[in-house]
Structure formats: C-alpha cells, structure tokens
Amino acid sequence: MGTTMSPISILTPLFLLMFVALSDGYVKERTLLHQSSGDDVGNYLTKDELWFNQTLDHFSPYDHRQFAQRYYEFLDYFQVPDGPIFLKICGESACNGIVNDYISVLAKKFGAAVVSLEHRYYGKSSPFKSLTTTDLKYLSSKQALFDLASFRQFYQDSVNLKLNRTDAGNPWFVFGVSYSGALSAWFRLKFPHLTCGSLASSAVVQAVYDFPQFDQQIGVSAGADCKAALQEVNQLVEQRLASNGKALKEFFGAAELKIDGDFLYFLADAAVTAFQYGNPDKLCSPLIQAKKDGEDLVGAYAKYVKDNFAESVHYSQNRLKNTAITEDSSDRLWWFQVCTEVAYFQVAPTNDSVRSSKVDTRYHLDLCKNVFGQGIYPDVDATNLYYGGTRIAGSKIIFTNGSQDPWRHASKQISSSDMPSYLISCHNCGHGTDMRGCPQSPLSLEGNAQNCSSPDAVHKVRQQITENIDLWLSECQGGGDA
C-alpha cells in the first residue's frame, strides 16, 4: 500500500480507453447493514486502486498525522470538461472497487465521472497496524464525513489542475446505500456547498437504541404462514438449546458459538437476510412446505442456513475481540460504530416475535462491554442531536426504501420540502433496491430490476430519482449550492 496522491490520471479523449468495465457481488457478513463487496472482478466498473493522504483527526488543531486512504475512479462516461462527478460512498466493509450497479446507468446518462472513497479503518484504509479499542478512537461517522469533504476538494483540485483552470468546478452528486446512504444524507446536510444533492438509499439516518420494529417488519414481510413457521422454529430451537445445546449448535455448523446469545443472533440474522436482500422465497417456501408435510422444521431451517448464510464464526464474540487487521476486520469495526454511535439493537419485540427473546438489550450491551471494554455504549441521543435523525433539516436529498426492508424503520419515510422520500413496494424489494435491483444480493448487474416482482415499481422510482438529479444538477453552481 502506497501513500502517493494519485489524482485523475489523464483528462483527454485517450482516458476513455484506459478503463475496463468490471463489477461487484456481495458476500454475507455478520452484522453489516449491507452485504460487503466480494472479489468477483466481473462485477466491478474498476478495481484499480488509487491513494490519497487523509487527515487522521479533523477535529484537532494540533494533530497533523495522516494515513493512506484508498479510492477509485471510473471515467468511461465522463464528459470533459464540465460533466458531473458522482461520489459513491463506501460504507462499513472493505471497498474493493466501484460496483457495477445502477450507478453505471446514471453515470452514462449524465456523462459523469464516478469516484469512490473507502471508509476510514475498513479494507486497506486503516490508520494503525492494529484495531485495539484505543486505536479505534478516530472511527466515527463525523470523521468519515470530513474525509469525504477533504477528498472531494482534493479530487476537484486535481481535475482543475489537469484542465488548467483555477476558478471553476464540476457539479458533484453523492450516492450511498444503507450506512453509506446515511453518510450521503449527512454529507449534504453538513457540506451543502460541496454537493448539488444526495441519493440516500435505505439510509439509516435515525440512530435507534432498542429497535424491535426491525423484527416486526420481518414478521410482516414474511407473511402469516412463513412467520408462523419461523416462530415455531424459534420455540423448538430454544427447547433444544436448553436440553442439548452442544448438539444443536453442531447441527447448525455453529459449534464455536459458545455464547447462546451469539448463536440465537446468528439464527435470527439468517432469516433477516432473506427479506433484506430480496430472496424471501428461498427461506419461506421450504419452511412452509416442511410445516405442511409434518417434517422437522429445525432440520429444514438448518438446511436453509447452511446452504445460504454466512459461516457462524462471524458471530463469535471471541472473534470480534481480535485486534489484528485481517480480511474479516469489518465485523469488529462495524460493531464499534454500533456500540458507540448508532446502536440499532435488534431486540425481540415484547410480543409476537420471530427471534428469541434472549436477543435483548442486555445481550447487546454485554457484547459491547465484552468486546471493547468497560464504558463503551452507544450515545444515540448525541448522534440524533447532531444529525437530526428522521427530522433531518437538509435539502436536495432523495430518500428511497424497499417495502420489505426492516431497516426502513430507521430511515426517513415521509417526504418533506426539497427532500422527497420514495417507497418501492414489491414482494422482493429490500435494501437498496433502487441501486441494486432484485435480488439485492447477489449483485444484479447495473441494478437490473427484471427479477423484481414489480419491475414497474422500481422503474417509477428510478425515473423520479433521475428527474431530481437532473433538476438539481441544473440548479447547481460550482459543485454545490451557491
């Protein structure tokens, strides 16, 4: 990993020949809001790494340390010299390139360059050689927003240098999904002069301490028959866990999960991903059939989990304690942000839950303490005070959500002046459907919506997104609001 600042390399017609269109898939990880980028190079617009020297602490007047932050640029559709620049924010996972989702369609339509900055600490953009709790001091959304602002200025300056101009700027537009969708909204809120607008897809802008609405949405999305089957699975699992927990965990391939709460969280997340990422029938069809046939529901669920979900090791608190930087460090990093800023504790509702009641507030707080030490807990009130939560007082921000996505209850779902909010309603419309199509994982190239149960619902919202981007770019001066 180098620290050379590598700006846009060539701004002549020749640069259009320099990039190969690639794209990205999603792999299953423990508690990430979205599933992180995989290594299938056929799914990226580009994987060519560039580096930028970033300030470690944007809030200190005397600490001038820097670290190398990874970024990418895709210029195939860029209309020199005045085309827009789309900043696609990478979130809580390694950023291995620019994913070939719907951003590529929008970039082609608007003649835009696409740049993407890896989130501090994730992937190859770690300021330190270890991830102790002390080392994680500078991991926060607030620092990440200043990273984006600094990078945006650096990149615009580099474009101006290549074009031999000093007092002009390209119009910028910011994109993000999930946590990075929240960052997109917050960036427009805090730096309106640096972007013409933002798309905040499935943006979790409301920090939530206890989040039973998450599980309640899973029950609604599942439908009556599948919900009943999931609840019966949960009851049977709790009974068998009490009588012979070791055998049960081995049956699910999860023997390393010594803490019962970790095991129950693992089983709950396995169901969540089916609805969150547009694959409800993979889960519900075999469960409903097994229930009709009088078969063992735990066995049917175990087969689904082993065939479709992540390795259970991602759910081990012992693994989360690992402070070494590895390809799996994203789990520890995101949990640190959960345990300090946003919480989103996915607790079981008091009644009618599809997850174990043992996945409660105490489980989450104990995890934070066990993994990161005494005194670590999420100050959600401070987070919402700083950003506004769903009462965010921004402008020119597009909010989008999928009807089946449990995370939409931490997003802004009511339109307000200059901040439209669109709900995409269909059987498999989940997390980031407007950018990813259906299913949301694995990747549908260019966000293809043909496998959505209602492609028209997706197309309608995409048309509204395009109209907003077009309008706000036309109103923009110098890259952001005048």
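Look up a bit, the structure's there.
These numbers were taken from a predicted model, which means no experiment stands behind them.

What counts and what doesn't
Throughout this document, residue positions are counted from 1 along each chain, in the order its sequence is written. At least 70 in pLDDT is required for a residue's local features to be given in this predicted model, at least 80 for side-chain atom pairs to be given and counted, and no such filter applies to totals for whole chains, interfaces and linings, which use all residues. Excluding hydrogens and water, the side-chain figures rest on all heavy atoms present in the structure. Helix numbering and strand numbering both begin at the N terminus, where a helix is a DSSP run of H or I of at least 4 residues and a strand a DSSP run of E of at least 2. To get the radius of gyration, use the C-alpha atoms; to get the globule rule, take the number of residues to the power 0.38 and multiply by 2.2 Å. Burial classification: accessible surface area is computed with a 1.4 Å probe over protein chains only, and a residue below 20% of its type maximum counts as buried, one above 50% as exposed, and the rest as partly exposed. Residue contacts follow a heavy-atom distance rule, with two residues in contact if any of their heavy atoms lie within 4.5 Å. For the area figures, the Shrake-Rupley method with a 1.4 Å probe applies, and any residue is considered shielded solely by the protein chains shown. As used here, the term nonpolar core means buried Ala, Val, Leu, Ile, Met, Phe, Trp, Tyr and Cys residues forming a set that is joined through side-chain atoms within 4.5 Å. By definition here, a salt bridge exists when the distance from a side-chain nitrogen of Lys or Arg to a carboxyl oxygen of Asp or Glu is within 4 Å. Each axis is a line fitted through C-alpha atoms, and for a helix only the stretch in contact is used; angles between axes span 0 to 180 degrees, taken between their N-to-C directions. Reported orientations rely on four angle classes, namely roughly parallel under 35 degrees, roughly antiparallel over 145, roughly perpendicular from 65 to 115, and oblique for the rest. In the scheme used here, Gly and all other residues not listed as nonpolar or charged are polar, with Ala, Val, Leu, Ile, Met, Phe, Trp, Tyr, Cys and Pro taken as nonpolar and Asp, Glu, Lys and Arg as charged.

When its secondary structure is counted, the protein chain shows 13 helices and 14 strands. Computed over its C-alpha atoms, the radius of gyration of the protein chain comes to 22 Å, within 12% of the 23 Å expected for a compact globule of 482 residues. For the protein chain, the C-alpha atoms occupy an extent of roughly 75 × 50 × 40 Å along the three principal directions. Scored against the burial criterion, the 482 residues of the protein chain give a buried share of 61%. Partitioning the intrachain contacts of the protein chain with sequence separation of at least 6 by distance along the chain shows that 73% fall at a separation of at least 24. Of the accessible surface of the protein chain, which amounts to about 18,500 Å², a share of 50% is contributed by carbon and sulfur atoms.

Moving on, we get to the nonpolar core. Residues Tyr155, Leu230, Phe252, Phe263 and Tyr301 are the most contacted members of the largest nonpolar core, which totals 110 residues. Other than its neighbours up to four places away in sequence, Phe252 contacts Phe263, Phe266, Leu267, Val298, Tyr301, Ala302, Val305 and Lys306. Residues Phe86, Val177, Ile424 and Val461 belong to the second largest nonpolar core, which totals 36 residues.

This part is about the pattern of salt bridges. Inspection of the entire model under this criterion finds 18 salt bridges. Measuring nitrogen to oxygen at the nearest pair gives 2.8 Å for the salt bridge that ties Lys124 to Glu49. Of this pair, Lys124 sits in the loop between β8 (113-117) and α2 (141-162) while Glu49 sits in the loop between β3 (44-46) and β4 (50-55); the two residues are 75 residues apart in sequence, bridging distant segments of the chain. Taking relative accessible area as the criterion, Lys124 reaches 41% and is therefore assigned partly exposed. For Glu49, a relative accessible area of 32% puts it in the partly exposed group. Residues joined by salt bridges that share partners form a network here, namely Glu49, Arg70, Glu118 and Lys124.

The next thing to look at is the packing of helix α5 (residues 260-276) against helix α6 (residues 280-292). Taken N-terminus to C-terminus, the directions of α5 and α6 make an angle of 120°; their axes are 6 Å apart at the nearest point. It follows from the interaxial angle that α5 and α6 lie oblique. Residue-level inspection shows Ala271, Ala274 and Phe275 of α5 in contact with α6, the latter providing Pro280, Leu283 and Cys284. Considering only residue class, the contact of α5 with α6 consists of 6 nonpolar, no polar and no charged.

Don't take any of this as a statement about function, it's just geometry.
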